[in-house]
Amino acid sequence: MQAYQLTLRPETAFGTPLVGDTLFGQICWGIVEQYGEALLESCLQGYTKGSPFLVVSDAFPKGYVPLPTLPSAYWQQGEETDRKKLKKRQWLPESALGEPSRRWQMKAKSSNDLVPELISRHSQPHNSLNRQTHTTGAGTGFAPYESEQIWYAAGHEWQIYLLLDEGRLNAAQLQQVLTNIGLSGYGRDASTGLGKFSIIALEKTALFEQRSGNAVFTLAASCPQGLGYDAAHSYYHTQTRFGRHGNIQATAGQPFKQPVLMAQTGAVFSGTPSGKHNVGQGITGISQSQPQAVQQGYAPALSFDLEQAN
């Protein structure tokens, strides 16, 4: 698979974080809208049998990847010893990938180190408006509520990594779909103006090439269950995705998907095949209203030498 690097700039607030599995689902809907359902069905051949046509990462600040999830014994101690400050160091400069992994925590940055309020969350008040009276109503008709919006620092650029099987979907088709999503909006409340972004570039990257080691760390949430990784030397936090259908399926009688347990971004897996640029699996059986629906349980992964410091 060919690795691509997508650079984008958020133009509005977002209702949903820019994460790989959600963006993958929206890309699938975008393929149907732009090129027809037959192309998507062709792309998804073998998806749940270890043959993905596309694997999408989360969005990271330009020039950074997530610091792998590792116990403190794997990090070389530096001048900073405050554990709260060390836990906030979540962004690893790509330039540090060439150094021994035990030094990575010393090189990592917190969000505030990069840009003040790199990612902030704010509540947005709402209310229903009576179109006949042009008022919000009274009594039980007055029902204000709040929703959370995600704001990315103004003007800051973000990167997403995509592993693409160009035999099933070429880069020009992928860029067209991503452009459409950026214009129409991504994630929750896109219909009200959230989730818009501009594409700066979609270009090939050598980040995944010429990298080797005895472990990998992931750039998106993944499903490692039953794939034979070395449990004694794999480290990750778990999360449960409570997914919803998008596009027209969101208005169906059952818009909710089955919950999926995933390993969070930055998970470390040992015992992975050398030279493989993704880990995980394609998930199905998540929807009663759309049985053919799949969930991205794959994640782009970077190889490295897992070396204990002490």
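Parameters at a glance
- Residues numbered from 1 in each chain as written.
- Predicted model: local features only at pLDDT ≥ 70, side-chain atom pairs only at ≥ 80, totals over all residues.
- Heavy atoms only, no water.
- UniProt positions renumbered as here; feature names shortened; annotations may be inferred.
- Axes fitted to C-alpha atoms, helices over the stretch in contact; angles between N-to-C directions.
- Helix = DSSP H or I, 4+ residues; strand = E, 2+ residues; numbered from the N terminus.
- Parallel < 35°, antiparallel > 145°, perpendicular 65-115°, else oblique.
- Contact = heavy atoms within 4.5 Å.
- Nonpolar A, V, L, I, M, F, W, Y, C, P; charged D, E, K, R; others polar.
- Expected span 1.5 Å × (residues − 1).
- Buried < 20%, exposed > 50% of the residue type's maximum accessible area, 1.4 Å probe, protein only.
- Polar contact = N/O pair within 3.5 Å; in protein donor to acceptor, adjacent residues only side chain to side chain.
- Pairing = 2+ DSSP bridges.
- Disulfide = S-S within 2.5 Å.

For the protein, the name recorded in an unreviewed UniProt entry is CRISPR system Cms protein Csm4, with Uruburuella testudinis as its organism. Under the UniProt heading Sequence similarities (unreviewed entry), the note attached to the protein is "Belongs to the CRISPR-associated Csm4 family."

**Quick notes on the packing of helix α1 (residues 20–35) against helix α6 (residues 171–184)**
Helix packing geometry: the angle between the two helix axes and the distance between the axes. Closest axis-to-axis distance for the α1/α6 pair is 9 Å, and the angle between their directions is 105°. Between α1 and α6, the angle falls in the class roughly perpendicular. When α1 is examined against α6, the residues Leu23, Gln26, Ile27, Gly30, Ile31, Gln34 and Tyr35 are found in contact with a partner set consisting of Ala172, Gln173, Leu174, Gln176, Val177, Leu178, Asn180 and Ile181. In terms of residue class, the contact of α1 with α6 is built from nine nonpolar, six polar and no charged.

**Remarks on α6**
The α-helix winds at 3.6 residues per turn, so residues separated by three or four positions along the chain end up facing the same way. Between its first and last C-alpha, α6 extends 20 Å over 14 residues, near the 20 Å set by a 1.5 Å rise per residue. Among the residues of α6, Ala171, Gln173, Leu174, Val177, Leu178, Ile181 and Gly182 are the ones counted as buried. Residue asparagine 170 occupies the N-cap position of α6, its side-chain oxygen lying 3.1 Å from the main-chain nitrogen of alanine 172.

**A few points about the environment of leucine 178**
Secondary-structure assignment places leucine 178 in helix α6. Leucine 178 sits in the buried class, given a relative accessible area of 0%. C-alpha separation for the pair leucine 178 and leucine 202, spaced 24 residues apart in sequence, amounts to 9.7 Å. Leave out the neighbours within four places in its chain, and leucine 178 touches Leu6, Ile27, Phe197 and Ile199.

**What about the side chain of serine 287?**
Structurally, serine 287 can be placed in the loop between β14 (278–284) and β15 (294–304). A polar contact is formed between the side chain of serine 287 and the side chain of histidine 245, at a distance of 2.7 Å. A polar side-chain atom of serine 287 sits 2.9 Å from the main-chain amide nitrogen of glutamine 290. Discounting residues that sit within four places of it in the chain, serine 287 has contacts with His245 and Ala293.

**Comments concerning the environment of valine 32**
If you trace the backbone, valine 32 turns up in helix α1. As for valine 32 and phenylalanine 217, which are separated by 185 residues in sequence, their C-alpha atoms are 32 Å apart. Setting aside residues no more than four positions away along its own chain, valine 32 makes contact with Glu37 and Leu40.

**Some details on the sheet that holds β14**
Read across the open sheet, the five strands follow the order β10-β13-β9-β15-β14; overall the sheet is antiparallel. Every other strand in the sheet has two partners, leaving β10 (230–235) and β14 as the edge strands with one partner each. Averaged over all pairs of adjacent strands, the angle between their axes in this sheet comes to 25°, without regard to strand direction. Looking at chain direction, strand β9 (residues 215–218) and β15 are connected through four bridges and run antiparallel. Following the sheet pairing, threonine 218 is matched in β15 by alanine 301.

**Some remarks on the pairing of strand β11 (residues 238–241)**
Because side chains alternate across β11, one face comprises the buried residues Gln239 and Arg241, and the other comprises Thr238 and Thr240, none of which is buried. For β11 and strand β12 (residues 260–263), the ladder comprises four bridges, and the chain directions are antiparallel. Bridge assignment links threonine 240 to a residue of β12, and that residue is leucine 261.

**Quick look at the state of the cysteines**
Going through the model one piece at a time under the given rule, you end up with zero disulfides. Considering cysteine sulfurs only, cysteine 43 is the nearest to cysteine 28, which forms no disulfide, with 8.1 Å between them. Cysteine 43 gets classed as buried once you look at its relative accessible area, which sits at 0%.

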